[in-house]
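The residues making up each chain are set out below.
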Amino acid sequence: MTEIVIERKNKSRLEKPHSFVLGALFKIFVAIGTWYFSVALLEAYEFGDQAIYRRLYDHLIGVDIGYYQESITTSADPAFGLLMWLGSNFTTLSHTYFISIFNVLFVVLIVEYLIRNRATLSISLFLTNYYLIVLLTGAERLKFAFMAAFAAALTAGRIRSLIYLAISTAFHIQMLILYGAFATGWLTAGMGGLARNAEGQ
């Protein structure tokens with residue numbers, strides 16, 4: 001019996017490096033594919049919300065962030081305006097390449113989340129979902145908000161998670177609605193459990 005347990009442990013140790021390498025290669029493949037797809041997609045997207053965000057990015061050089069963000073995008077989410085200002089003032093990247101970097105991070109972050117939660121079958125559904133195209137293009141503020149939210153889910157430690165959640169809300173204030181719904185669900189489930197325990201006693 002002891003020999004069987006030792007054999008299983010040794011087998012799992014051998015499998016872990018193998019699965020880690022495969023996972024890393026897969027994420028590299030996804031990152032490269034996302035980069036080229038994002039650049040092609042953003043260059044072809046000339047109108048709509050993307051045109052507004054591109055205009056904001058190009059007009060933020062040496063100007064007041066809040067005024068231009070609100071006048072061009074009719075939004076005042078502070079983290080988004082700050083990030084666009086940093087990109088336009090401290091990099092030589094165009095809006096397409098600047099956003100494509102974060103598109104790669106966004107996709108890889110969610111793939112990592114699905115892998116950690118053993119939902120690998122959902123990766124194909126995520127990568128082929130139409131709404132992913134929306135998040136990679138027109139829904140920029142929402143994309144950054146979700147990035148911070150998934151970073152919170154992947155981060156160990158309550159304080160760090162709360163910091164990421166605060167950053168997420170700073171990118172898109174409407175994330176408070178989502179977090180409020182989650183909090184309501186947790187409270188309802190907790191109260192239901194207390195009620196069942198009371199009945200059992």
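Residues numbered from 1 in each chain as written. Predicted model: local features only at pLDDT ≥ 70, side-chain atom pairs only at ≥ 80, totals over all residues. Heavy atoms only, no water.

Student: Can you tell me about the nonpolar core, naming the residues and giving the values?
Tutor: Formed by 34 residues in total, the largest nonpolar core has its most connected members in M84, F106, V107 and F144. Only α1 (2-44), α2 (49-59), α4 (78-90), α5 (95-116), α6 (121-127), α7 (130-136), α8 (140-154) and α10 (175-200) provide two or more residues apiece to this core. For this core, the element with the most residues is α5, which contributes 8 residues. When residues no more than four places from it in sequence are discounted, the contact partners of F144 are F80, L83, M84, I99, F102 and F171. (Core = buried A, V, L, I, M, F, W, Y, C linked by side-chain atoms within 4.5 Å. Buried < 20%, exposed > 50% of the residue type's maximum accessible area, 1.4 Å probe, protein only. Helix = DSSP H or I, 4+ residues; strand = E, 2+ residues; numbered from the N terminus. Contact = heavy atoms within 4.5 Å.)

Student: Just give me the short version of a nonpolar patch on the surface, but keep the residues and values in it.
Tutor: A cluster of nonpolar residues, F20, V21, L22, L25, I28, I32 and Y36, forms a patch on the protein surface that exposes about 770 Å² of accessible area. Along the chain, the position of V21 falls in helix α1. (Patch = residues over 30% accessible without salt bridge, like charges linked within 9 Å, V, L, I, M, F, W, Y side chains within 5 Å. Areas by Shrake-Rupley, 256 points an atom, 1.4 Å probe, with all protein chains shown as cover. Salt bridge = Lys/Arg side-chain N within 4 Å of Asp/Glu carboxyl O.)

Student: Explain the packing of aromatic side chains residue by residue, including any values.
Tutor: Tallying each qualifying case throughout the model produces 10 aromatic pairs. When the centroid spacing of 6.5 Å and the interplanar angle of 70° are considered together, the rings of F106 and F126 count as edge-to-face. Highlighted residues: F106 in helix α5 and F126 in helix α6, separated in sequence by 20 residues. Neither residue differs from the other here; F106 and F126 are each classed as buried. Three or more aromatic residues link up through ring pairs in this structure, and these residues are Y53, Y57, F80, F98, F102, F144 and F171. In this structure, K143 is placed above the aromatic ring of F144, and the distance from its NZ or CZ to the ring centre is 5.6 Å. (Phe/Tyr/Trp six-rings, centres within 6.5 Å; stacked < 30°, edge-to-face > 60°. Lys NZ or Arg CZ within 6 Å of the ring centre and 35° of its normal.)

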